[in-house]
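# Reading the structure
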Amino acid sequence: MSAKPHVLILGGVGFIGRNLVGYLLEKDLVSGIRVADKAIPATSYLNAKQKSQFEDTRVEFVQANLNNPATLTRVFTRGDGSSEFDYVFNLASESKYSLADEVYEERITSLSIGIAKESAKRKVKGFMQLSTGQVYAYDKKPADESAKVKPWTKLATYKLKAEEALRAIPDLRLVILRTAALYGPGDLKEEMKLLWTKDLKINTVHVSDVVRAMWDATVLDKDGGLRKEFIEKPEVYNLCDKSESDQGSINEVIQSIFGIETGFQGTIISQFAKLNLESITEDVNEKHLEPWAQLCKEGGILSTPLTPYLDKELLRDNAINMDGSLIEKTFGFVYEVPKFSEAKVREMIKDFEEIGVWPKGTMK
């Protein structure tokens, strides 16, 4: 392998970015990492291991508003400007739902275009753009990369718009990764009556497989990835484990971890909910926000970014039903967490407990 590459991770302090930083350091894959983000590590709820990783001499953090062209130029410039970053991983994006269109335009589409144009100008070896499986129209057949697109959240609409714009940028060596639902903690304490049915598909993928896929699909084999050749035209890969998870299987895990009785409202009530989703969302959030606040108070949690709040966009009867096999066939990539795992969910919640954002004693 040649000299290890230098990489730029944009939006690298967030959940996926911090895991990518950790993976690259643990596997000793890079000479250097520059992380640029508007959020700073000190206030981003890193655990002890992640704090140590961000203090590694190979990691440089730059706080930056990446929508500012002058700032973007500074972020992309290494040292005296005589050399460039080898690979760029773009994780910078708005992540909240149901915001105004102009917010998504600025914080997803325009942001991604600016970053991608700068990458193309500097002729980086590979550029990775993270997208979402929410761009696909639902079908009983799992969506592969050629499936019909019909975004079902506004966030996904602007992710897809960004994808289309990036495909048109000359000289951009582009890889787009569309993820299934990443693992996360469940609801708490009382019986959860869920809309729709237990068979509603919510396919999953573990973050450790996502960060491995980012590297392997973007980076040349001589630099430690799985690519045999440079990216000649835009490529798209789905990331989805083998679980074929649905609401039923996910909530079996939640019930096992927390001792929560789960149920489903059924077709008639769920169809009624379509007509009055605003009110239904308010009822759901009112029911769960107060108990969560009480649990945090009893557990001595004064401040936490975690919340059981549900956005109405996510209560619609839209599914994530994906085929994540193309990346396996193309590169020989292997999902190391092939099934939705109770052990991995417990591991994540334990991590939340240790950094003080989740009350202890909630798991069975």
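Residues numbered from 1 in each chain as written. Predicted model: local features only at pLDDT ≥ 70, side-chain atom pairs only at ≥ 80, totals over all residues. Heavy atoms only, no water.

With that out of the way, let us pick up the sheet that holds strand β10 (residues 235–239). Overall, parallel pairing links the seven strands, which are arranged β3-β2-β1-β4-β5-β6-β10 in an open sheet. In this open sheet, the two strands that pair with only one neighbour each are β3 (59–63) and β10. The average undirected angle you get between the axes of adjacent strands in this sheet is 20 degrees. Taken together, the five bridges between strand β6 (residues 174–179) and β10 define a ladder with parallel strand orientation. For T179, the partnering residue across the bridge sits in β10 and is L239. (Pairing = 2+ DSSP bridges. Helix = DSSP H or I, 4+ residues; strand = E, 2+ residues; numbered from the N terminus. Axes fitted to C-alpha atoms, helices over the stretch in contact; angles between N-to-C directions.)

Turning next to the packing of aromatic side chains. Summed over all chains, the structure comprises six aromatic pairs. Each ring, one from Y104 and one from Y158, has its centre 5.9 Å from the other, and the planes form 20 degrees; the classification is stacked. With Y104 in helix α4 (residues 101–121) and Y158 in helix α5 (residues 154–167), the pair connects residues that are 54 residues apart, well separated along the chain. Every member of this aromatic cluster is reached through a ring pair, and the members are Y87, F89 and W215. Just above the ring of F85 sits the side chain of R78; from NZ or CZ to the centre is 5.9 Å. The side chain of R173 reaches across the aromatic face of F230, ending 4.4 Å from its centre. (Phe/Tyr/Trp six-rings, centres within 6.5 Å; stacked < 30°, edge-to-face > 60°. Lys NZ or Arg CZ within 6 Å of the ring centre and 35° of its normal.)

Turning next to the confidence of the model for the chain. Summary statistics for the chain give a mean pLDDT of 86 and a share of 85% for residues scoring 70 or more. Contacts from residues 184–197, a stretch scored under 50 in pLDDT, to residues over four places away or in other chains number 63 contacts. Here residues 263–277 is a poorly scored stretch, pLDDT under 50, and it has 27 contacts once near neighbours within four places are set aside; other chains count. (pLDDT = per-residue confidence, 0-100. Contact = heavy atoms within 4.5 Å.)

Here we take up the pattern of salt bridges. Counted according to the given criterion, the structure contains 23 salt bridges. Here K121 and E118 are joined by a salt bridge, their closest N and O atoms 3.5 Å apart. Of this pair, K121 and E118 both sit in helix α4, separated by three residues, roughly a single helical turn. Assessed through its relative accessible area of 56%, K121 is described here as exposed. (Salt bridge = Lys/Arg side-chain N within 4 Å of Asp/Glu carboxyl O. Buried < 20%, exposed > 50% of the residue type's maximum accessible area, 1.4 Å probe, protein only.)

Taken N-terminus to C-terminus, the directions of α4 and α5 make an angle of 25 degrees; their axes are 9 Å apart at the nearest point. By the criterion of interaxial angle, the relationship of α4 to α5 is roughly parallel. Where α4 crosses over α5, the two elements pack in a sense that is right-handed. Between α4 and α5, the residues in contact are D101, Y104, E105, I108, T109, S112, I113 and A116 and K154, L155, Y158, K159, K161, A162, A165 and L166, respectively. (Parallel < 35°, antiparallel > 145°, perpendicular 65-115°, else oblique. Left-handed = near helix turned anticlockwise from the far one by under 90°.)

Residue position: Q134 is located in the loop between β5 (126–132) and α5. At 3.0 Å, the side chain of Q134 and the side chain of Y97 are in polar contact. (Polar contact = N/O pair within 3.5 Å; in protein donor to acceptor, adjacent residues only side chain to side chain.)

Another aspect to go through is the nonpolar core. With 50 residues, the main nonpolar core has L24, I33, F89 and M214 as its most contacted residues. At seven residues, helix α6 (residues 207–218) tops the list of elements feeding residues into this core. L8, L66, L166 and I169 belong to the second-largest nonpolar core, a separate cluster that totals 24 residues. (Core = buried A, V, L, I, M, F, W, Y, C linked by side-chain atoms within 4.5 Å.)

Over its twelve residues, helix α7 (residues 247–258) runs 16 Å from end to end, which matches the ideal 16 Å to within 8%, given 1.5 Å per residue. At the C-terminal side of α7, G259 shows a positive phi close to 70 degrees. (Expected span 1.5 Å × (residues − 1).)

Tracing the backbone through its elements, the reader meets N68 in the loop between β3 and α3 (69–76). In this structure the side chain of N68 is engaged in a polar contact, spanning 2.9 Å, whose partner is the backbone nitrogen of A70.

Take G299: it is sitting in the loop between α9 (277–298) and α10 (326–331). Remark: the alpha-carbon pair of G299 and V357, spanning 58 residues in sequence, is separated by 9.7 Å.

Take the pairing of β3 next. Both strand β2 (residues 32–37) and β3 contribute to a ladder of five bridges, which runs parallel. Within β3, the position partnered with V35 by the bridge is F61. As for the winding sense of the linkage, the β-α-β connection from β2 through helix α2 (residues 48–54) to β3 is right-handed. (Right-handed = clockwise from strand over helix to strand, strands pointing away.)

On to the environment of N203, then. Topologically, N203 is positioned in the loop between β8 (192–194) and β9 (204–205). Residue class for N203 comes out buried when judged on its relative accessible area of 2%. Note: C-alpha distance between N203 and L182 (21 residues apart in sequence) is 8.8 Å. In contact with N203, other than residues within four places in its own chain, are A180, A181, C240, E244, S245, I320, N321 and M322.

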